[in-house]
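# Summary of the model geometry
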Amino acid sequence: MILLISSKYDVSTNIVIQWLNYYGIVFLRLHTEEFSMLNYFSVSNKSISLTINDINLEAITGIWHRRGRLRNLPNSLNDLGKVTTYLKKEEDSLIKSIETSLRTTKKYIGSYISEIENYKLDHLIAAKECNLNIPDSIVTTSKKGLLDFHSKYDQIISKDLRYAINIKTDDISINSTGTFKVTDELISELDDHFAPIYAQEYIEKEFEIRIFFIEDNLFSMGIFSQQDEQTRVDYRNYNDEIPNRCVPINLPKNIKEQLLDFTRKVKLNTGSIDMIYSIDEHYVFLEVNPMGQFDWLSKNCNYYIEEAIAKEFMEL
Amino acid sequence: MKLDTPFKLYANCVTVKGFNRSTICDLQRNDVRTIPNDLYDILTNHEGKTINDIKNQYHNEFDDIIDEYFQFLYDNEFIFFTKQTSIFPPLSLKWSDPAIINNSIIDIDKNSSYDVLKVLKQLDDLHCRHLEIRNFDVARVDVLENIFDYLKENESSIQSVEILLPFFKDVEKWIDSAKHKFLRVSFIRVFNCPFNQNIMPSGNTKAYIMYTKQHYESELCCGKISQNFFAANMKAFTESVNHNSCLNKKLSIDKNGNIKNCPSMQKGFGSVNDTQLKDIVTDKDFTKVWSITKDQILVCKDCEFRHICTDCRAYKENPTDEFSKPLKCGYSPYTNEWEDWSINPLKKEAITYYKLQADTEKP
């Protein structure tokens with residue numbers, strides 16, 4: 001039996017399930033939005049055992065951890081302020097230990113731990129060590145440092161070291177989609193010292209590349225931004241914006257090998273990698289998302305990624 | 001436009017050659033454009049070359065036309081320019097589906113007495129996802145309510161249900177009262193109405209409800225071919241390339257409870273009363289029509305729209321030829337004109353053969 005840990009709203013999970021049914025693979029799906037009752041996670045000299053929702057996970061041969069994580073804290077304990085904060089930390093360590101334990105004995109694709117510890121600098125360094133090109137990057141707390149960095153490149157961008165910011169209180173709401181251009185005006189408004197800022201040279205791209213990987217399989221897609229404003233001629237009345245062209249790419253062999261090296265180095269058996277192909281003709285690694293979306297990639301390129309995922313669990 | 005950088009077609013813009021002209025089927029943006037066959041040839045033979053190279057190949061005799069062609073392709077974002085031509089493979093035209101049967105038509109009339117729920121249970125075992133239930137002579141409210149209850153109370157593979165039924169007094173009241181059971185009902189069409197009205201899904205029902213003055217006499221209404229039914233999308237296109245665009249993975253039950261590919265077809269494969277659906281879906285006789293593609297069908301194989309079009313194997317120009325053109329198609333790829341199929345003198349014999357009443361076919 002296969003255990004699926006995912007959001008109940010995730011379309012990709014539904015499609016993978018259709019393929020599991022097709023191949024006769026029995027599965028148990030647990031939703032990350034709902035409380036899962038942990039009967040026990042027992043550790044003794046003799047054995048390690050886990051029972052959730054009255055189901056002993058002994059029978060589980062593989063896990064596809066698609067999104068999020070299980071919730072073992074009853075909903076009634078969610079509103080106790082600092083006590084809840086403490087209990088959530090305890091729960092978090094439990095969830096991670098369960099993943100680590102299952103990972104040692106079973107085929108475990110996907111990882112909450114990797115998703116939560118998605119440190120972009122680590123990945124950038126690992127990519128460089130695998131001989132992939134990376135953009136020149138800097139983290140600095142000084143205005144002078146940022147100005148010096150900016151002076152070396154036509155344009156620079158800034159992004160988050162881990163997550164995009166999303167803060168909401170009664171008084172303020174701050175959120176961002178991630179990457180933005182850093183202009184002179186923006187820098188001039190800064191104090192001399194500030195919280196660490198992650199900046200990167202902006203590389204002019206011919207096209208973007210998104211690569212979904214699972215084990216040793218790479219599914220690559222080229223994404224073309226609008227060719228230019230002129231081509232937005234209004235010959236069709238689209239309700240939505242005209243989507244960027246997304247087409248299959250067969251990456252050069254050496255890039256594929258470097259990417260697979262990278263996935264092994266950072267110990268990810270699934271995820272989505274963002275790259276660009278620059279106008280000066282280099283493949284450049286940007287970042288990896290351990291639990292990225294792949295539905296659009298599968299559909300636009302006719303890749304049947306969901307079937308490939310189901311097949312990973314066929315001979316267990 | 002770059003005259004000295006090689007061009008590539010975006011892989012999800014697929015060209016289809018017809019007798020007089022061709023199409024670019026844009027499977028990402030769900031659009032179709034007709035193009036001259038000359039342009040089809042350029043795209044097929046010269047993809048990966050520069051525009052200037054192509055002009056040279058034609059000894060610079062057609063530079064203006066070639067410029068015009070490429071401006072059209074570029075403006076519509078069918079092509080891009082890159083030196084990296086080798087890393088962009090053509091689109092895989094694979095089609096695959098995780099269901100043994102993926103859609104089913106169930107006809108029920110006033111005399112139907114077969115066990116519909118027994119059929120639904122078996123369709124679940126075959127992973128069926130889409131269901132179309134049709135009432136022609138009388139609305140079988142009793143059976144429809146049983147189906148709603150079944151779908152509400154059971155885990156079922158069926159994701160969407162379309163219903164066709166004739167108008168009756170208080171039909172709106174009935175629909176309103178049954179609404180809370182429409183969890184999987186996506187579309188209800190009530191015909192023979194004294195009025196036309198469309199009601200969008202609202203609240204927690206995702207059903208789209210259409211009241212129409214249109215008349216549907218019987219299963220003989222089916223099988224019409226029209227531009228309105230064209231579907232330029234990845235799933236439909238790739239299915240059409242590999243399989244029959246109407247009957248693939250379809251299983252139907254006619255009003256008498258007979259298992260058929262489609263209720264309009266003559267050949268039955270036994271009654272649901274004494275035949276298991278799972279035994280039929282492995283019967284080669286039953287599944288052989290699944291693989292009749294448009295590339296094999298007379299006339300259709302010369303049509304530039306063949307892979308975005310529907311098909312009909314029940315009503316054919318030549319009823320005895322399994323590869324004959326759909327009878328209810330008025331398009332000719334040889335003249336590129338649409339005509340009213342029902343008054344075509346050449347089709348009269350076949351229309352009589354099927355006892356199609358041409359006058360009830362129209363709105």
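Numbering of residues begins from 1 in every chain and follows the order in which that chain's sequence is written. As a convention, the first chain written is A and the first ligand written is 1, with the rest following in written order. The predicted nature of this model means local features are confined to residues of pLDDT at least 70 and side-chain atom pairs, given and counted, to a pLDDT of 80 or more, with totals for whole chains, interfaces and linings taken over all residues. To obtain the side-chain values, all non-hydrogen atoms of the structure were used and water was disregarded.

### Overview of the overall build of chain A
Where we set the bar: Segments assigned H or I by DSSP are reported as helices when at least four residues long, segments assigned E as strands when at least two residues long, and all are numbered from the N terminus. Categorising residues by exposure relies on relative accessible area from a 1.4 Å probe, with only protein chains included: less than 20% of the type maximum marks a residue as buried, more than 50% marks it as exposed, and the intermediate range marks it as partly exposed. It only takes one pair of heavy atoms within 4.5 Å for two residues to be counted as in contact. What sets the accessible areas is the Shrake-Rupley method with a 1.4 Å probe; for residues, cover comes only from the shown protein chains.
Within chain A, the regular secondary structure consists of nine helices and 18 strands. Structurally, chain A occupies a C-alpha span of about 60 × 45 × 45 Å along its principal axes. Considering chain A as a whole, with its 316 residues, one finds that 47% of them fall into the buried category. For chain A, the share of sequence-separated contacts (at least 6 apart) that also reach a separation of at least 24 residues comes to 67%. With the model as given, the accessible surface of chain A reaches about 16,700 Å², and the carbon-plus-sulfur share is 50%.

### Focus on the interface of chain A and chain B
The test is simple: Computed with a 1.4 Å rolling probe, the buried area is the accessible surface lost when two parts are put together, summed over both parts. Any Lys or Arg side-chain nitrogen found within 4 Å of a carboxyl oxygen on Asp or Glu counts as a salt bridge. Between N or O atoms, a polar contact is any pair within 3.5 Å; within protein, one atom must be a potential hydrogen donor and the other a potential acceptor, and residues adjacent in sequence are included only when both atoms are from side chains. Basically, the charged four are Asp, Glu, Lys and Arg, the nonpolar ten are Ala, Val, Leu, Ile, Met, Phe, Trp, Tyr, Cys and Pro, and anything else, Gly included, counts as polar.
Counting residues at the interface gives 34 residues for chain A, matched by 38 residues for chain B. Of the roughly 3,100 Å² buried where chain A meets chain B, counting both sides, 49% is carbon and sulfur surface. Arg 245 of chain A serves as the salt-bridge partner of Asp 26 of chain B, at 2.7 Å between the closest nitrogen and oxygen. Along the contact surface separating chain A from chain B lie 15 residue pairs in polar contact (both at pLDDT 80 or more). If you list the elements that add at least two residues to the side of chain A that touches chain B, you get helix H1 (11-22), strand S14 (205-214), strand S16 (245-249) and helix H8 (295-301) of chain A. Ranked by the residues each element gives to the side of chain A that touches chain B, the list is headed by S16 of chain A, at five residues. The residue inventory of the side of chain A that touches chain B, partitioned by class, reads 18 nonpolar, nine polar and seven charged.

### What to know about the state of the cysteines
Residue and element names in this part refer to chain B. Filter applied, for reference: Disulfides are defined as pairs of cysteine sulfur atoms found within 2.5 Å of each other.
Evaluation of the coordinates by the stated rule reveals zero disulfides over all chains. In this structure Cys 222 is not part of a disulfide, and its nearest cysteine sulfur, from Cys 262, lies 5.6 Å away. Cys 222 gets classed as partly exposed once you look at its relative accessible area, which sits at 29%. Residue Cys 300 stays outside any disulfide, its sulfur separated by 6.4 Å from that of Cys 329, the closest cysteine. With a relative accessible area of 9%, Cys 300 lands in the buried category.

### Some details on the UniProt feature "domain: 4Fe4S-binding SPASM" (unreviewed entry) in chain B
Put simply, the test is: UniProt positions are given in the numbering used here, feature names are shortened, and annotations may be inferred rather than shown by experiment.
Summarizing the sequence annotation, UniProt attributes the feature "domain: 4Fe4S-binding SPASM" (unreviewed entry) to residues 247-304 of chain B in the numbering used throughout. When the span residues 247-304 of chain B is considered, its composition is 14% helix and 10% strand, and the gap between its end C-alpha atoms is 21 Å.

### A word on the pairing of strand S9 (residues 185-191) of chain B
All names here are of chain B. Just so we agree on the cut-off: Any two strands with at least two DSSP-identified bridges between them are counted as paired. A crossover counts as right-handed when, viewed with the strands pointing away from the observer, the path leading from the first strand over the helix to the second turns clockwise.
For S9, the tally of buried residues reaches five of seven residues, placing the bulk of the element in the interior. Of the strand pairs in this sheet, strand S8 (residues 160-166) and S9 are connected by six bridges, and their pairing is parallel. Opposite Leu 165, over in S9, you have Val 190 as the bridge partner. In the classification by handedness, the crossover that spans S8, the intervening helix H6 (residues 171-178) and the parallel S9 is right-handed. As paired elements, S9 and strand S11 (residues 208-211) share four bridges and run parallel to each other. Within S11, the residue paired with Arg 189 across the bridge is Met 210.

### Topic: helix H1 (residues 37-46) of chain B
Residue and element names in this part refer to chain B. All of the buried residues along H1 are Asn 37, Leu 39, Tyr 40, Ile 42, Leu 43 and His 46. Its buried side turned inward, H1 meets strand S1 (7-9), strand S2 (13-17), strand S3 (21-26), strand S4 (31-36), helix H2 (51-57) and helix H3 (63-75). Gly 48 sits one or two positions beyond H1 and adopts a positive phi of about 95 degrees.

### A closer look at the environment of Phe 207 of chain A
Among the structural elements, Phe 207 of chain A can be located in strand S14. Judged by its relative accessible area of 1%, Phe 207 of chain A is buried. If near-sequence neighbours (up to four positions away) are discounted, Phe 207 of chain A is found in contact with Ile 223, Phe 224, Ile 249, Ile 276 and Tyr 277 of chain A together with Thr 82, Ile 87 and Phe 88 of chain B.

### Remarks on the pattern of salt bridges
Residues and elements named next belong to chain B. Taken as a whole and assessed by the stated rule, the structure comprises 40 salt bridges over all chains. In this structure, Arg 29 engages Glu 77 in a salt bridge whose closest nitrogen and oxygen atoms are separated by 2.6 Å. A residue pair is termed long-range when its members are at least 10 positions apart, and Arg 29 in the loop between S3 and S4 and Glu 77 in the loop between H3 and strand S5 (79-81) qualify at 48 residues. Look at Arg 29 and you get buried, because its relative accessible area is 5%. The exposure class of Glu 77 is buried, given its relative accessible area of 4%. For Asp 311, the salt bridge goes to Lys 294, with nearest N and O atoms at 3.1 Å.

### Comments concerning the environment of Thr 61 of chain A
Residues and elements named next belong to chain A. Inspection of the secondary structure puts Thr 61 in the loop between strand S5 (55-56) and strand S6 (62-65). On the basis of relative accessible area, Thr 61 is assigned to the partly exposed category, the value being 31%. When the C-alpha atoms of Thr 61 and Glu 129 are compared, they prove to be 34 Å apart, with 68 residues separating the residues in sequence. Those residues in contact with Thr 61 that sit more than four places away from it in its chain are Met 1, Ile 2, Lys 106, Lys 107 and Leu 316.

### Description of the sheet that holds strand S4 (residues 48-52) of chain A
All names here are of chain A. The condition is simple: Between the N-to-C directions of two axes lies an angle of 0 to 180 degrees, each axis being a line fitted to C-alpha atoms and, for a helix, fitted only over the stretch in contact.
Across the sheet, three strands lie side by side as S3-S4-S5; this open sheet has antiparallel pairing. With one partner strand each, in any of the chains shown, strand S3 (38-43) and S5 form the two edges of the open sheet. Taken together, the two bridges between S4 and S5 define a ladder with antiparallel strand orientation. Residue pairing across strands places Thr 51 opposite Asn 56, the latter belonging to S5. Its contacts with the sheet put helix H2 (residues 82-105) on S3 and S4, and the angle it makes with S3 is roughly 60 degrees.

### Digging into the pairing of strand S6 (residues 103-107) of chain B
Residues and elements named next belong to chain B. With respect to burial, S6 is a largely interior element, five of its five residues being buried. Burial of S6 is two-sided: the residues Asn 103, Ile 105 and Asp 107 facing one way and the residues Ser 104 and Ile 106 facing the other way are all buried. Pairing geometry for S6 and strand S7 (residues 130-134), over five bridges, is parallel. Within the sheet, the bridge partner assigned to Ile 106 lies in S7 and is Ile 133. For the handedness criterion, the β-α-β arrangement of S6, helix H4 (residues 116-125) and S7 is classed as right-handed.

### Digging into the nonpolar core
The criterion, for reference: Nonpolar cores are built from buried Ala, Val, Leu, Ile, Met, Phe, Trp, Tyr and Cys residues. Side-chain atoms within 4.5 Å join them into one set.
Of all hydrophobic cores here, the largest spans 65 residues; its most connected members are Ile 209, Phe 262, Ile 273 and Met 275 of chain A together with Phe 70 of chain B. At five residues, the largest contribution of residues to this core is made by H3 of chain B. Residues within four places of Phe 262 of chain A in sequence aside, it is in contact with His 123, Ala 126, Ala 127, Cys 130, Leu 132, Ile 273, Phe 285 and Val 288 of chain A.

### What to know about the packing of H4 of chain B against helix H5 (residues 141-153) of chain B
All names here are of chain B. Short version of the rule: Crossing chirality is assigned from the near helix's rotation relative to the far helix, an anticlockwise turn below a right angle marking it left-handed and a clockwise turn marking it right-handed.
The interhelical angle for the contact between H4 and H5, taken along N-to-C directions, is 35 degrees, at an axis separation of 10 Å. Judged by the twist between their axes, the crossing of H4 over H5 is right-handed. Residue-level inspection shows Val 116, Leu 117, Leu 120, Lys 121 and Asp 124 of H4 in contact with H5, the latter providing Val 143, Asn 146, Ile 147 and Tyr 150. Residue classes in the contact of H4 with H5 are distributed as six nonpolar, one polar and two charged.

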